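What follows is each chain in one-letter form.
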Amino acid sequence: MWADLSPIGRDAHSKGYRRYAWTGADADCRTWFQEQAESRGLTYETDRNGNQWAWLGDPAAGDAVVTGSHLDSVPDGGAFDGPLGVVSAFAALDELHARGAAPTRPLGIVNFGDEEGARFGLACVGSRLTAGRLTRDAAYELRDGDGISLPEAMEAAGYDPSAIGPDPERLARIGAFVELHVEQGRALDLSGDPVGIASAIWPHGRWRYDFRGEANHAGTTRLVDRRDPMLSYAETVLAARREAELAGAVATFGKVAVEPNGVNAIPSLVRGWLDSRAADQASLDTVVAAVEAAAQEAADRQGVDLTVVRESFTPVVEFEHALRDELGKILTERGAAAGAGVGGDRPVPVLGTGAGHDAGILSGTIPTAMLFVRNPTGVSHSPAEYAAEDDCVAGVHALADVLEGLACR
C-alpha cells in the first residue's frame, strides 16, 4: 500500500508532496482509497463534504468505531503526515482479519478532505464542515491563490458543492474516532517509545497581516520619503519570535505575498500569515496581542496602514479522558500479555501536541483519541519527515489492538 501511494503528488525536484485539495494528485489519492476499500469488500461512500468512508458492517447500526486521517499535504510536505494514519487503518483491519477477530460494532475508515489547508488557507475543511465548525456560506467564500473558490474547485473535480454543510446524522452513528498520526516532534524518540497516546492539542490559530504602503522606485526614492511595508513586516517577524520565546510558545510567519513583487520596486502591499500555538489559552493570547501591538508600532513608524484578520482558530482540545484511558489500558494489557511491544513493560506515554488534527475538530461532537508513531528526527511538514518501518508496524499493531478492544467486545 505504501509503495502504491508513495509516488502520487511527489515533486521531482523537492522530493516533497504537493497533494492539494481538489487537484489531480488529490483525485489520484482518492482513487487509491476507493480501490483499497473495494478490494477488501468494504462498503465505500463519499459524503456531502467530499470525505471518503469505508465500512465493515452497517454504520446505520450506530456506535461505530472509526479510524483514519487524511491524504493531502502541505506544500512540499512529507510522506507520513496524514497518509500514515490511512495506510495504517487498512493495515490494522487486515491484522484484525488475520487474528480472526469478529467486530460487534461497525468499523469505519475515513479520509478527511483538505486537512492541511494548503490550497484555501483553512485547515481541516472536510471535518470542520461535517462537524458544523465551518458554515456553508463561509466555505463558499474560500479561495485559493488563483482566485478559484472552493465550490468551483469541487465542481471541476466532479463533486457537487451545493450539498456541503453539517452532517450530524453521520456523526451520530460514531461512538469513537481514533486517529493514528506520525508524531510531529521528538517526545517519543527522547523517551524511547515507538507509540504514544495524545493527551491534548494546544490552542492555535492563523492571522493574516496586511501591511499597505506606497509603491515607488527603488532607485530614486529617498529613504526618508518611503512608506515601505516590508520594513514593518520584517520587524513583526522578529517580534513574533521574541514574544513566543518570552511566553514559552511558538509563532511563525511562514507565508508571505508581496505586491508588486519587483526587485526594483518598493512594495505597496506585504501580506504575511502568522501561525501561533501555545500550551494554554492565556499564553497564546499574550503572544498574539504582543505581536499585533509590535506590528502596529512598526507600521506607524513607517507610515504604513495595518489590518489584522484572524482567519482560523481552534481552542485547546482535551481528548476525552475515558477513551484516552481506555486506549492506555488496552495497549498496556495486550503488551503485557504478549510480553513485548507497545505497553509491554511500562505504561504507554501520554503527550500533548502543538499540531492540529481532524480528531481535534471532531472532539467537541464525538469521543476522539489519537495514537502517535515515533518520528526519530522530529521533522514534519518537510520531505525529511520520517518514521522507521518497525515503528510503523508497531503503530499498526497498536491500532489493531485498540480497534479489537473497542469493537470486538
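Refer to the structure presented above.
Residues numbered from 1 in each chain as written. Predicted model: local features only at pLDDT ≥ 70, side-chain atom pairs only at ≥ 80, totals over all residues. Heavy atoms only, no water.

Novice: Explain the overall build of the protein to me, please; I cannot follow it from the model alone.
Specialist: If you tally the helices and strands in the protein, you get 13 helices and 15 strands. For 409 residues, the compact-globule estimate of 2.2 N^0.38 gives 22 Å, and the C-alpha radius of gyration of the protein, at 23 Å, lies within 12% of that figure. When its C-alpha atoms are laid out on the principal axes, the protein stretches across 80 × 45 × 40 Å. For the protein, with 409 residues in total, the buried portion stands at 52%. Looking at the protein alone, contacts between residues at least 24 apart form 76% of all its contacts between residues at least 6 apart. Put simply, the protein shows about 17,200 Å² of open surface, and 50% of that area lies on carbon and sulfur atoms. One finds the centroid of the 36 positive side-chain charges in the protein at a distance of 3 Å from the centroid of its 60 negative side-chain charges. (Helix = DSSP H or I, 4+ residues; strand = E, 2+ residues; numbered from the N terminus. Rg over C-alpha atoms; globule rule 2.2 N^0.38 Å. Buried < 20%, exposed > 50% of the residue type's maximum accessible area, 1.4 Å probe, protein only. Contact = heavy atoms within 4.5 Å. Areas by Shrake-Rupley, 256 points an atom, 1.4 Å probe, with all protein chains shown as cover. Lys, Arg positive; Asp, Glu negative; His and termini not counted. Charge placed at Lys NZ, Arg CZ, Asp CG, Glu CD.)

Novice: It is not clear to me how the nonpolar core should be interpreted in this structure. Could you clarify?
Specialist: One broad trend across soluble globular proteins is that nonpolar side chains are buried collectively. With 50 residues, the main nonpolar core has Trp32, Phe33, Phe90, Leu327, Leu371 and Leu406 as its most contacted residues. Of all elements in the fold, only helix H2 (24–39), helix H3 (83–99), strand S4 (107–112), strand S5 (174–182), strand S6 (195–201), helix H11 (321–338), strand S15 (368–373) and helix H13 (389–407) reach the threshold of two or more residues within this core. By residue number, the principal contributor to this core is H13, which donates 10 residues. Aside from chain neighbours lying at most four places away, what touches Leu327 is Val178, Ile197, Ala369, Leu371, Val402 and Leu406. Formed by 24 residues, the second largest nonpolar core is a distinct cluster that contains Phe112, Phe177, Ile201 and Ile361. (Core = buried A, V, L, I, M, F, W, Y, C linked by side-chain atoms within 4.5 Å.)

Novice: Help me understand the packing of H2 against H3, please; the structure alone is not making it clear to me.
Specialist: How two helices sit against one another is set out by the angle between their axes and by the gap between those axes. Orientation of H2 relative to H3, taken along the N-to-C sense of each, is 10°, at an axis distance of 11 Å. Accordingly, the angle class assigned to the pair H2 and H3 is roughly parallel. On H3, the residues touching Trp32, Phe33, Gln36 and Ala37 of H2 are Val86, Val87 and Phe90. Split into classes, the residues belonging to the contact of H2 with H3 amount to six nonpolar, one polar and no charged. (Axes fitted to C-alpha atoms, helices over the stretch in contact; angles between N-to-C directions. Parallel < 35°, antiparallel > 145°, perpendicular 65-115°, else oblique. Nonpolar A, V, L, I, M, F, W, Y, C, P; charged D, E, K, R; others polar.)

Novice: Even after reading the chapter, I still don't get the state of the cysteines, so can you show me in this structure?
Specialist: Cysteine pairs can be covalently joined through their sulfur atoms, and such a bond is termed a disulfide. Per the counting criterion, the structure on display carries zero disulfides. No disulfide involves Cys124; its nearest neighbouring cysteine sulfur is the one of Cys29, lying 17 Å away. (Disulfide = S-S within 2.5 Å.)

Novice: How do you make sense of the environment of Asp225 when you look at a structure like this?
Specialist: By secondary structure assignment, the location of Asp225 is in the loop between strand S8 (216–217) and helix H9 (229–247). Within the local environment of Asp225, its side chain forms a polar contact with the side chain of Arg222, the two groups lying 2.9 Å apart. (Polar contact = N/O pair within 3.5 Å; in protein donor to acceptor, adjacent residues only side chain to side chain.)

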